[in-house]
Structures are given as structure tokens and as C-alpha cells.
Amino acid sequence: QFLIDPVIKMPENAKRATKKERSLFHIAVTATDYAYSQWQCRIMYYFYKKKKDLPESDMGKFTRILHSGNPDNLMDEIPTFVVDPLPEGVDQGYVVLNRPWAFVQWLEKAKIEEEYILMAEPDHIFIHPLPNLAFEGYPAAFPFFYIKPVKYEKIIRKYFSKEMGPIVNVDPIGNSPVIIKKDVLQKIAPTWMNVSLAMKKDPETDKKFGWVLEMYGYAVASALHGVQHILRKDFMLQPPWDFEPGKYILHYTYECNYNSKGKLMYDGSGEWRFDKRLYLDNPPPRNLSLPPQGAPQDVVNLIKLINEATANIPNWDTLGEVANLTTNVS
């Protein structure tokens, strides 16, 4: 038995590319009008504005693709493009299926000036100015340890036949974060949507892939179009598991739970806890307490960053009270 490292090496001429040779990318994040999605988008947009114009940044404009079908109360705060959700019942309660459909609509209808697009998510914080990590025909993506096409070859082959190529052509990624050429994404997006819907309709696939089903949908769709990604482990940091410095995006999807001595408690019994899912109906309060001494610095930094954003975003504490209001689209 042997291990395959699917990381595509960065071409030498890409390493030598100058600032003028690189292209800006448009940041696109899909979202709902729920308070849970809104407060994360506000924090994300705060740090986008802070990092966008710094040296080494290739960050272009920003769009929140709102797939609720109607404007919400953040239209004037965050650049937003409203698209339709999937027809009722199609997502079968798996709201993430709206993501590829949202991108299909946005790519068809919106005027996007940049040549490249960064697909991101609301729980991303830009901790460093982000350069364009893509190169020519190769998009850049973050490799997820739990996306394992080789392990699930039997299921993947339902959508990516042997005639299409070896299973290692399916990258261990989701759609986010990915920096990709706009015209390439325009080809992939409809396939991504159709593959994801087909996976959801198949009981075996749905059971095996669960909440990461749509991620596999993007990975398979990319492979069907012959697109392979440069896998950048430095793209993203995911506390409390990652401790490597120098990454560009902090992704706070996992629960952080520590006892009074700063030890990570896997059973959730610690005295200190941060989990974004604690704030489904209202945004987290300002000035969250820091983790106990001994907790990793990345977890400390996460709370400091959230506290910085909530201290500086106007009307932070009152947003949840008006989350159902709408404003006119300008």
C-alpha cells in the first residue's frame, strides 16, 4: 500500500511572476438571509476591506451572492447580488445545494470585471492579503483531509467513469476556497450543480457523503471537465487543528473547547468554548472572553479578530432584531 500526494507543484515561471503579471480575482461568497449567515458575512467583509489594498493583495471586488430570492437588510452594507433558491423541496433540507445553483445564476447574469474568481464562505477571515494563487489553466484550492476520492472510488465512479480517467484526477477539495478563471468556472458550475443534485438523489451517495456531498460534487465536476487544481495547504488555517503560520484565510468551522488549563477537550466538557453554531439566531456578543492560558495562539487570534470586527461594525448588537426586514435594491 502506498500514499499518493496529489499536490501539483507550482511551475517555476509562476514563482517568478511579478505583481503586474498577476490578475485580480473577484471574491464571491454564497449566503442566506438568516442571522447566522449574516453576522459571518459582516465579519468577513470587514476583514476583506482591511486587507484588500495592502501590498501583495490581488483581491478585487466583493459580492455576497444571496440565494434567498429577496433583498435583505445588508444590501447597503455589503455588495450583494440576489439570486433564486432552488425550487421548494429540491434541496431536501440540505441548503448547501443552493450554492452551485447560486453560482450558475450569478455567472450568467452579473457583470464580473475580473478574470479570476475566489469562491469563499461566510466563515472565512482574511488574516493576510491574499495574492492570486492560481496559474494559467490551473486553479488553486485548499486540500481537505476528509475529502477522499480514492477511499470512495466505488461511489465516485457512479459520476466519474473509468473512461474519464484515474480516480486521482478527482482532487481532494471542495469549491471553497478556490481561485479559478471565470471562463473555466462558467463551464464547471452547471455540471457541479447537476452532479450535486444527482448525488443527493442517490441514497448510497447521500448517506456516505452527508454534509460534504456538495464538496464532492465540485471535485467530480472539475475532473469531468479535465480541470485539476494546484493544492495549496497554505491557503487556509482551521483552528483548533492547525498551527502552521503564514496562511491566508482563517476558517472557523470547528468547535474550540478548552479546560481551565488550556487543554483541548474533545468531549466538549471544557470551561471555555467558542462554536459559531451557538449563534444561529443572533450574532455573538461583543468582547468575547479569550481562551484560557495554554490554548493555541491561533485560537486566541480568532477570538481577538472576531472581537475587533464586532467592536468596529456599526449596529452589531441590533442586527438580529431587524434580520427579517428588507431594503430596496439600489
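If you look the protein up in an unreviewed UniProt entry, it shows as Hydroxyproline O-arabinosyltransferase-like domain-containing protein from Erythranthe guttata. Regarding the protein, the UniProt comment filed under Subcellular location (unreviewed entry) reads as follows: "Membrane".

(A) Region of the structure containing empty space enclosed by the protein. Taken as a whole, this structure holds one cavity of 30 Å³ or more when the rule is applied. Around the largest cavity, the lining residues are Tyr 116, Ala 134, Glu 136, Gly 137, Tyr 138, Pro 139, Ile 180, Lys 181 and Val 184. When grouped by side-chain class, the residues that make up the lining of the largest cavity number six nonpolar, one polar and two charged.

(B) Up close: the environment of Lys 233. Counting through the fold element by element, Lys 233 comes out in the loop between β8 (230-231) and β9 (236-237). Along the primary structure Lys 233 and Phe 144 are separated by 89 residues, whereas in three dimensions their C-alpha atoms are 8.8 Å apart.

(C) Molecular detail of unusual backbone geometry. For the peptide bond that leads from Ser 176 to Pro 177, omega is -5°, which places it in the cis range. For the peptide bond that leads from Pro 239 to Pro 240, omega is 10°, which places it in the cis range. Here Pro 240 lies in the loop between β9 and β10 (249-251). Within the chain, Glu 56 stands out as a residue other than glycine whose phi angle is a positive 75°. Along the chain, Glu 56 falls in the loop between α2 (35-51) and β2 (59-66).

(D) Fine view of the side chain of Lys 182. Turning to its location among the elements, Lys 182 is positioned in helix α5 (residues 182-201). No salt bridge is formed by the buried Lys 182, whose closest oppositely charged neighbour, Glu 114, lies at an N-O distance of 6.7 Å. A distance of 3.4 Å separates a polar side-chain atom of Lys 182 from the backbone oxygen of Glu 114.

(E) Spatial organisation of the nonpolar core. One finds Ile 27, Leu 130 and Phe 235 to be the most contacted residues of the largest nonpolar core, which totals 77 residues. Of all the elements, α5 adds the most residues to this core, at nine residues. There are two domains that each give this core at least three residues, and those are domain 1 (24-231) and domain 2 (236-312). Those residues in contact with Phe 235 that sit more than four places away from it in its chain are Leu 118, Leu 130, Leu 133, Ala 140, Ala 141, Phe 142, Pro 177, Val 178, Ile 179, Tyr 248 and Ile 249. Counting residues in hydrophobic clusters, the runner-up holds 25 residues, among them Ile 127, Leu 237, Tyr 258 and Leu 288.

Rules behind the numbers
- Residues numbered from 1 in each chain as written.
- Predicted model: local features only at pLDDT ≥ 70, side-chain atom pairs only at ≥ 80, totals over all residues.
- Heavy atoms only, no water.
- UniProt positions renumbered as here; feature names shortened; annotations may be inferred.
- 1 Å grid on protein atoms, 1.4 Å probe; cavity = no way out; pocket = protein on both sides within 12 Å on 5 of 7 lines; lining within 4 Å.
- Points joined across faces, edges and corners; volume = space filled by probe spheres on them.
- Nonpolar A, V, L, I, M, F, W, Y, C, P; charged D, E, K, R; others polar.
- Helix = DSSP H or I, 4+ residues; strand = E, 2+ residues; numbered from the N terminus.
- Buried < 20%, exposed > 50% of the residue type's maximum accessible area, 1.4 Å probe, protein only.
- Lys, Arg positive; Asp, Glu negative; His and termini not counted.
- Salt bridge = Lys/Arg side-chain N within 4 Å of Asp/Glu carboxyl O.
- Polar contact = N/O pair within 3.5 Å; in protein donor to acceptor, adjacent residues only side chain to side chain.
- Core = buried A, V, L, I, M, F, W, Y, C linked by side-chain atoms within 4.5 Å.
- Domains from an automatic or database assignment.
- Contact = heavy atoms within 4.5 Å.

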